[in-house]
Amino acid sequence: MLDSISKAFFHLIAQSGTLKKLASRYGMRRSASFARRFIAGETVAEAIEAARAVEARGMLISLDLLGESVTNLEEADAATRAYVGVLDAIVASGVERNISLKLTQLGLDVDKASAVDNLRKIMERAGPAGFFVRIDMEQSCYTDVTLEIFETLWEHGYRQMGVVLQSALRRSEADLTRMNALGARVRIVKGAYKEPKTVAYAKKTDVDAAYARMLKVLITDGHYGAIGTHDPAMIALARDWAREAGVTPERFEFQMLYGVRRDLQTMLVKAGYRVRVYIPFGREWFPYFMRRLGERPANVMFVIRGILGERG
Ligand SMILES: Cc1cc2nc3c(=O)[nH]c(=O)nc-3n(C[C@H](O)[C@H](O)[C@H](O)COP(=O)(O)OP(=O)(O)OC[C@H]3O[C@@H](n4cnc5c(N)ncnc54)[C@H](O)[C@@H]3O)c2cc1C
């Protein structure tokens, strides 16, 4: 209940122009500014620096140029060009070639065909350079179209791509079976968006139970599955099931967000597991940042202290 109120509340205030201005002014200003706990910086150079530090801790990375819900084709083209620039910068830097992106950033809300074209442009550059491209999952109104686009490109031979499924949605267990049958690499997460009861579980315990069920299927039938969570209970289940099923640690990976549960990240690496850290960066960080606050209202105090500190 609290979880769903919190998500709804932060979703609402994420629309606030005033807050966005205030956050933009203070959130990234200095290396210790509050938004930097979750966002590596506004430039690709800062993201690459963060990626190097994560790699030095023995972890894998995925870089995500933040942006979503563009409202016209010019913005979608600009985002696509920016992504291609990010690919080039990653290649030049020598960090691992792995990115995550969102289809609404490539124009999905404006025109589906253009979004597909834009994704194809990115894949044309990413594929030959040996990148893996993860398509993040957005709100439930995009689930069908995201999976459809993924399947279309997959059929056209773009195989260095993966999708994300959210255990909060009732449909996701069936989608996992569908994606496993295709041979696709799936990341499972609980889901970061406020969703209607008609399509999503209202209680966190139900979301967690669905996650546990999906976890089992991902480990036994998945194709190098990605377990995206910071929940110690889910991580323990994954380790137990993998051991019982004889699935060795190089056949799946844990994934966590930049700045969240670094203790768990380190513990897993020490225990011999693969851990990938999802590293977001870019100027459009506000909605992503608000979702992180919505997941854990305790983070709000940390931000308030940050703002007061910055202003003082
Ligand atoms: C690599 C990765 C990629 C993701 N991609 C997507 C995506 O494409 N689409 C999507 O809808 N969602 C995505 N998410 C977000 C996900 O859906 C959840 O909202 C988020 O991971 C919190 O759920 P949890 O599994 O960590 O468990 P929870 O039960 O929410 O949290 C478990 C514990 O983790 C810690 N924790 C969790 N969140 C935070 C936080 N923000 N700050 C500090 N501590 C925290 C706390 O200790 C908490 O007790 C992604 C998450 C990860 C890790």
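Residues numbered from 1 in each chain as written. Predicted model: local features only at pLDDT ≥ 70, side-chain atom pairs only at ≥ 80, totals over all residues. Heavy atoms only, no water.

Colleague: Help me understand helix H7 (residues 172-182), please; the structure alone is not making it clear to me.
Modeller: An α-helical turn contains 3.6 residues, so a residue and the one three or four places further along point in the same direction. Of the positions making up H7, those classed as buried are Ser172, Asp175, Leu176, Met179 and Asn180. Around the axis of H7, the buried residues are gathered within 135° of arc, so they sit on the same side. Among the exposed residues of H7, those pointing more than 90 degrees away from its buried face are Ala174, Thr177 and Ala181. Looking at the buried positions of H7, the neighbouring elements they touch are helix H6 (143-155), strand E4 (161-166), strand E5 (185-189) and helix H8 (204-221). Gly183 sits one or two positions beyond H7 and adopts a positive phi of about 95°. (Buried < 20%, exposed > 50% of the residue type's maximum accessible area, 1.4 Å probe, protein only. Helix = DSSP H or I, 4+ residues; strand = E, 2+ residues; numbered from the N terminus. Arc of directions from axis to C-beta. Contact = heavy atoms within 4.5 Å.)

Colleague: What am I meant to see in the pairing of strand E1 (residues 60-65) here?
Modeller: Successive side chains on a regular strand alternate, one facing one side of the sheet and the next facing the other. Taking burial as the measure, the six residues of E1 include five buried ones, the bulk of the element. In the sheet, E1 pairs with strand E8 (residues 275-281) via six bridges, with the strands oriented parallel. Counterpart to Ser62 in the pairing with E8 is Tyr278. The pairing of E1 with strand E2 (residues 98-101) spans two bridges and is parallel. By the bridge assignment for E2, Asp64 is matched with Ser100. In terms of handedness, the path from E1 via helix H4 (residues 73-93) over to E2 forms a crossover that is right-handed. (Pairing = 2+ DSSP bridges. Right-handed = clockwise from strand over helix to strand, strands pointing away.)

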